[in-house]
Amino acid sequence: MAVWPDDFVAEGAFARVEPLLATHADDLAEAAGDLHRLWYTTIPAPEQVSEEIDRRLALRQAGTMLPFAVIDKVSGRAVGMTTYMNIDAENRRVEIGSTWYGRSVQRTPLNTECKLLLLRHAFEVLDCIAVEFRTHFMNQQSRRAIERLGAKLDGILRAHTVTSNGTLRDTAVYSITAAEWPAVRANLEWLLQKPRSGQ
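Residues numbered from 1 in each chain as written. Predicted model: local features only at pLDDT ≥ 70, side-chain atom pairs only at ≥ 80, totals over all residues. Heavy atoms only, no water.

**Notes on the packing of aromatic side chains**
Here is step 1 of the chain: Scanning all chains against the criterion turns up 4 aromatic pairs.
Here is step 2 of the chain: Consider the rings of Phe 8 and Phe 68, whose centres lie 5.2 Å apart with planes at 65 degrees: the pair is edge-to-face. Placement of the pair is Phe 8 in the segment before strand 1 (10-11) and Phe 68 in strand 3 (residues 65-72), with a sequence separation of 60 residues. In this pair, the class of Phe 8 matches that of Phe 68, namely buried.
Here is step 3 of the chain: Taking 5.4 Å as the distance between ring centres and 25 degrees as the angle between the ring planes, the aromatic pair formed by Phe 123 and Trp 181 counts as stacked. Separated by 58 residues along the polypeptide, Phe 123 in helix 3 (residues 109-125) and Trp 181 in helix 5 (residues 181-193) bring together distant segments of the chain. (Phe/Tyr/Trp six-rings, centres within 6.5 Å; stacked < 30°, edge-to-face > 60°. Helix = DSSP H or I, 4+ residues; strand = E, 2+ residues; numbered from the N terminus. Buried < 20%, exposed > 50% of the residue type's maximum accessible area, 1.4 Å probe, protein only.)

**What to know about helix 2 (residues 49-62)**
Here is step 1 of the chain: With 14 residues, helix 2 should reach 20 Å at 1.5 Å per residue; the first-to-last C-alpha distance of 20 Å fits that figure.
Here is step 2 of the chain: For helix 2, the set of buried residues is Val 49, Glu 52, Ile 53, Arg 56 and Arg 60. When helix 2 is viewed along its axis, its buried side chains cluster within an angular range of 100 degrees and face the same direction. More than 90 degrees from the buried face of helix 2, the exposed residues found are Glu 51, Gln 61 and Ala 62.
Here is step 3 of the chain: Of the surrounding secondary structure, the elements contacted by the buried residues of helix 2 are helix 1 (25-32), strand 3, strand 4 (77-88) and strand 5 (93-101).
Here is step 4 of the chain: Gly 63 sits one or two positions beyond helix 2 and adopts a positive phi of about 85 degrees. (Expected span 1.5 Å × (residues − 1). Arc of directions from axis to C-beta. Contact = heavy atoms within 4.5 Å.)

Rendered as structure tokens:
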């Protein structure tokens with residue numbers, strides 16, 4: 001059985017998203033730094049990056065995830081990971097998630113452009129009816145970034161999962177629908193073109 005969606009590479013002015021490979025491990029271990037200390041998100045410690053790549057590639061084989069490395073076009077190095085996950089081929093839905101970026105590229109145009117590239121592919125190539133985003137209720141930085149994209153809050157899944165430290169995660173679920181995509185695309189393109197006082 002074919003795994004949907006097919007691998008692809010998407011490139012913009014600041015970033016390139018490409019299928020995740022074991023060869024990205026050294027760059028990603030450096031980018032990960034101390035981000036694993038954030039209790040409300042799941043980011044691998046540098047020594048766990050190779051294991052995390054293997055986990056994501058196994059999910060790719062199972063057809064539930066399409067993992068990417070995010071390449072900073074200035075340095076040419078992998079600076080983060082993102083995925084299409086919770087893939088529902090029958091209903092043409094994906095979630096963009098399990099995303100993290102090294103501190104050096106946080107609050108730069110790179111995240112905005114990566115989301116534009118992945119959303120454009122989802123809606124304009126894969127003909128998705130909706131794209132989801134999920135994050136910890138307490139991850140305010142992530143929630144602000146998702147809302148800035150133009151995604152709307154669908155609701156809060158209370159006591160949704162157990163985190164690695166044993167606390168219960170309330171999950172904020174957002175989505176963008178196909179009908180909303182043209183306005184979201186126009187806004188993301190504007191955000192990338194406007195003068196930068198911080199993206």
